[in-house]
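# Architecture at a glance
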Amino acid sequence: MPAGAVIGTIEWTVPYLCYRYKGLRSYMVAITVCVTILASLLLWKLPQSATGAKLFAVFILAAYGGGYAVLMSLQIANTAGYTKRSVGSSGMFVGYCLGNFMGPLVFLQSEKPYYTTGWIVTIATSAVCVVLALVYRFVCARDNKMRDQNGVSEAFEHAYDDDLTDRTNPQFRYTL
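Our subject in this report is the structure included herewith. On a predicted model such as this, the values are computed, not experimentally measured, just so you know.

## Digging into the packing of aromatic side chains
Counted according to the given criterion, the structure contains 5 aromatic pairs. Each ring, one from Tyr16 and one from Tyr19, has its centre 6.5 Å from the other, and the planes form 45 degrees; the classification is tilted. Within this pair, Tyr16 and its partner Tyr19 are both found in helix H1 (residues 2–20), separated by 3 residues, close to a single helical turn. On the basis of relative accessibility, which here comes to 46%, the residue Tyr16 falls in the partly exposed class. Using a relative accessible area of 60% as the deciding quantity, one classes Tyr19 as exposed. Among the aromatic residues, those joined into a ring-pair cluster are Phe107, Tyr115 and Trp119. Above the face of the Trp44 ring, Lys45 is positioned so that its terminal group lies 4.1 Å from the ring centre.

Conventions we followed
Residues numbered from 1 in each chain as written. Predicted model: local features only at pLDDT ≥ 70, side-chain atom pairs only at ≥ 80, totals over all residues. Heavy atoms only, no water. Phe/Tyr/Trp six-rings, centres within 6.5 Å; stacked < 30°, edge-to-face > 60°. Helix = DSSP H or I, 4+ residues; strand = E, 2+ residues; numbered from the N terminus. Buried < 20%, exposed > 50% of the residue type's maximum accessible area, 1.4 Å probe, protein only. Lys NZ or Arg CZ within 6 Å of the ring centre and 35° of its normal.

Encoded structure:
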């Protein structure tokens, strides 16, 4: 129950902070995944006798859940065009499901109690996620700046009539 309370609090707090303060979404995704990396390192490298620290790591391990909620909203906000948005959301969900399917398969029974392969894969994929979240923010900010410099202001005229994608609509601005 304590792990559920901690993760539930994170999953409510992170999206609220992103709603309250603009421009935090990609940063919050990166931060929550960094918490998961920290928990993974603690669970992997601490001695078996460090039960209190390992219990703390278990409590914060699923912190990425708050970032995942923000990531789903970021994908919806930054994709224009009905078909493109549907395919993007479906693709993210399929990727999430594949990760949940493959994750347990890398924790090899022969490596217990340390499960080196599993923790290396978890930390490596999480680190890639952090880098991609920050690169994505940089690319979106750069595209917004280029669109602003081209002299076309952000607007929502005919947003639902035209069904233009984010790439083809010069008035579209990415949410950061």
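Picking up after the structure, the text goes on.
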